[in-house]
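What follows is the residue order along each chain.
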Amino acid sequence: MGSTDSIPARQHSRPLSEDAYEQLEELIVTMELAPGTLVTEQELAQRTGLGRTPVREAVLRLSNEYLIEIMPRRGLRIAPIDVRQQIRLVETRRALETLVASQAALRANRQERAAFQSLANAFRKDGRKTYRRFLKIDQKFNLAVAAACDNEFAVNALQSLHGLSRRFWHYYAGHEEDLTLVADMHASIADAIAVGDTNKVGKGVTAHMDYIQGFTLEMLGNQRSSE
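Every value quoted in this text rests on a predicted model; they were computed, and no experiment measured them.

Visitor: Help me understand the nonpolar core in this model?
Guide: The tendency in soluble globular proteins is for nonpolar side chains to be buried side by side. Residues L24, L33, L44, F116, F141, W169 and I193 are the most contacted members of the largest nonpolar core, which totals 68 residues. Excluding its chain neighbours within four sequence positions, the residues that come into contact with L33 are L24, L27, I28, V39, L44, R47 and I78.

Visitor: Explanation requested: the packing of aromatic side chains in the structure shown.
Guide: Both the distance between ring centres and the angle between the ring planes are used here to describe each pair of aromatic rings. Enumeration according to the criterion identifies seven aromatic pairs in this entry. Here F123 and F141 contribute two aromatic rings whose centre-to-centre distance is 5.7 Å and whose plane-to-plane angle is 75 degrees, an arrangement assigned as edge-to-face. Of the two residues, F123 is situated in helix α5 (residues 110–125) and F141 in helix α6 (residues 131–149); the sequence distance between them amounts to 18 residues. A residue is classified by how much of its surface remains accessible, and F141, at 6% relative accessible area, is buried.

Visitor: Would you mind showing me how to read the pattern of salt bridges here?
Guide: Oppositely charged side chains are able to pair whenever their charged atoms sit close together. Enumeration over the complete set of coordinates arrives at 14 salt bridges. Here E69 makes a salt bridge to R77, at a shortest N to O gap of 2.7 Å. For E69, a relative accessible area of 29% gives the class partly exposed. For the salt bridge of R133 with D126, the shortest nitrogen-to-oxygen distance reads 3.9 Å. Residue classification places R133 among the partly exposed residues on the basis of a relative accessible area of 42%. What emerges from the salt-bridge pattern is a single network uniting E18, R61 and E65.

Visitor: Would you mind going over the sheet that holds strand β1 (residues 38–39) with me for this structure?
Guide: Across the sheet, which stays open at both edges, the three strands sit in the order β1-β3-β2 with antiparallel pairing between neighbours. The sheet terminates laterally at β1 and β2 (68–71), the two strands that pair on one side only. Of the pairings in the sheet, the one linking β2 to strand β3 (residues 75–78) comprises four bridges and is antiparallel in character. Paired with I70 across the strands is L76, a residue of β3.

Rules and cut-offs
- Residues numbered from 1 in each chain as written.
- Predicted model: local features only at pLDDT ≥ 70, side-chain atom pairs only at ≥ 80, totals over all residues.
- Heavy atoms only, no water.
- Core = buried A, V, L, I, M, F, W, Y, C linked by side-chain atoms within 4.5 Å.
- Buried < 20%, exposed > 50% of the residue type's maximum accessible area, 1.4 Å probe, protein only.
- Contact = heavy atoms within 4.5 Å.
- Phe/Tyr/Trp six-rings, centres within 6.5 Å; stacked < 30°, edge-to-face > 60°.
- Helix = DSSP H or I, 4+ residues; strand = E, 2+ residues; numbered from the N terminus.
- Salt bridge = Lys/Arg side-chain N within 4 Å of Asp/Glu carboxyl O.
- Pairing = 2+ DSSP bridges.

This is the structure:
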């Protein structure tokens, strides 16, 4: 028999709708697709280079995450920025983030704890450099927390809020002046999960949510003063 080295490994493909979702979510979060913009499925398919079917599936998912509004007979609209909605979102995230991260700290296995330590190092090394690098690491962190947490109900509820949260922060802090601070906050939580310290996890999540709530209230105040 010949060497198995010449036999290509079986490729595990994933649905095209997942590629469509990731592309569209990034375009919306980074506001390359601006809030309030009217679009069609055909335009989004052309933008991503993917077919109508995977784009339609991605649109439904993004609609459930409050990033796209489906308007009967009018097409689609990228959801506008709503500061008051963000206040309610932070209230919900505070509870869910604490639950999910604390359970991850309790339930992570040895391999997962090593991965969280690597993510903490990545936040401090590369997450401070550019917003897009931070987003890539943050995505890996969120997936790691979701896996270690082992609570699909809390995870699904939390994941539906992440896109709105990232877009709002990008809108508020597009100049990236707070990037080091935010990367360090995430690194601290990853450190705590890595060693199973739920008390430190709680403090880290509280600090992060206080930061988000602070700039959201600041924006709400600015909005009211301009009305």
